[in-house]
Amino acid sequence: MNNVKVFVLMAGLTALFGALGIWLGGQGGMVMALLFAGAMNLFMYYNSGSMVLRMYGAKVVTEQEASELYRMVDRLRQHAGLPMPTVAIAPHEQPNAFATGRNPEHAVVCVTEGILKLVPPNELEGVIAHELGHIKNHDMLLQTFTATMAGAISMLGQAALFFGGRDDENRNPLTLLLAIIVAPIAASLVQFAISRQREFKADAAGAEISGNPLGLANALVKLDAYAKQIPMRVSPAAAPLAQVNPLQAHGGGITTLFSTHPSTTARVERLRAMA
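This structure is a prediction, so every number in the text was calculated from the model and none was measured.

**Student:** I tried to follow the pairing of strand 3 (residues 97-100) on my own but got confused; where do I start?
**Tutor:** Put simply, side chains in a regular strand alternate between the two faces of the sheet. A two-sided burial pattern is seen for strand 3, the buried positions comprising Ala97 and Ala99 on one face and Phe98 and Thr100 on the other. The pairing of strand 3 with strand 4 (residues 108-112) spans 4 bridges and is classified as antiparallel. Across the sheet, the residue bridging to Thr100 is Val108, located in strand 4.

**Student:** What should I look at first to understand the pattern of salt bridges in this one?
**Tutor:** Side chains that differ in sign of charge can pair as their charged atoms come close. Counting across every chain of the model gives 9 salt bridges. A salt bridge links Arg75 to Glu125, with the nearest nitrogen and oxygen atoms 2.3 Å apart. One end of the pair, Arg75, is in helix 2 (residues 67-80); the other, Glu125, is in helix 4 (residues 121-136), with 50 residues separating them in the sequence. Judged by its relative accessible area of 36%, Arg75 is partly exposed. Its salt-bridge partner being Glu93, residue Lys117 comes within 3.3 Å of it at the nearest N-O pair. Pair noted here: Lys117 is in helix 3 (residues 113-118) and Glu93 is in the loop between strand 2 (86-90) and strand 3, with a separation of 24 residues, a long-range link. For Lys117, a relative accessible area of 58% puts it in the exposed group. Given a relative accessible area of 42%, Glu93 falls into the partly exposed group. Look at the salt bridges and you will find they share partners, linking Glu199, Asp203 and Arg267 into a network.

**Student:** Help me out: how do you make sense of the sheet that holds strand 1 (residues 59-60) in this one?
**Tutor:** Strand pairing in a sheet relies on backbone hydrogen bonds, with the paired strands running either antiparallel or parallel. Pairing within the open sheet is mixed, and its 4 strands lie in the order 1-2-4-3. Each edge of the open sheet carries a strand with a single partner, namely strand 1 and strand 3.

Calculation rules
Residues numbered from 1 in each chain as written. Predicted model: local features only at pLDDT ≥ 70, side-chain atom pairs only at ≥ 80, totals over all residues. Heavy atoms only, no water. Buried < 20%, exposed > 50% of the residue type's maximum accessible area, 1.4 Å probe, protein only. Helix = DSSP H or I, 4+ residues; strand = E, 2+ residues; numbered from the N terminus. Pairing = 2+ DSSP bridges. Salt bridge = Lys/Arg side-chain N within 4 Å of Asp/Glu carboxyl O.

As structure tokens, this is what we get:
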């Protein structure tokens, strides 16, 4: 069901882009915006791993430096049938984790120092398995596609502000308003909705990889509670990658529509149902 929802949302995103591009500059304008946004996101796709690690101040660790964590990741990635990812630790007291990298062969699994101190091993396994689920599901590729489409729609909306549509003399002010404001917001909402569906998918994959849905469910409850108590200084651009929203202690809680993550309650309910 999640895959069907994602397909419908992606189709809607593509249709919105096509309609806005044709209205603004015909097929030529649509193709130019897509190429520009695609080039920008292609750069992000190939450099995302190192950029995200820098945003979190994370350091890559070896098996000698973090033997228990490294062996846990190695054991779980074998269950998932994945190549060994790079392992990293971010110097934050808030318990959290994320995965990045353009594909399974260039993946990174990163945890914070706080999660190693505050979350027991059986629950930490669920957290890491969730991140491996993102890698196994190729979510970075999907995120690149949705970011490309949403970025191109935003660019077309900005272009409409300066150049108007093809029939500039007879353009409808309401149509122009839709192109400038509503279309980019709608694209972002679809992008966020796809992200939320992928979180549910990664939870299910993580439960399967670890064989312990309740371990992940209990970990999510802890992570969400700690995120509201322990601040984390990280760029909002990198925050959506974390397993729970790391900016909640800064008043980063936002409405469901504008959230990149489903509610922790909904995620826990699904995991308990799996158990």
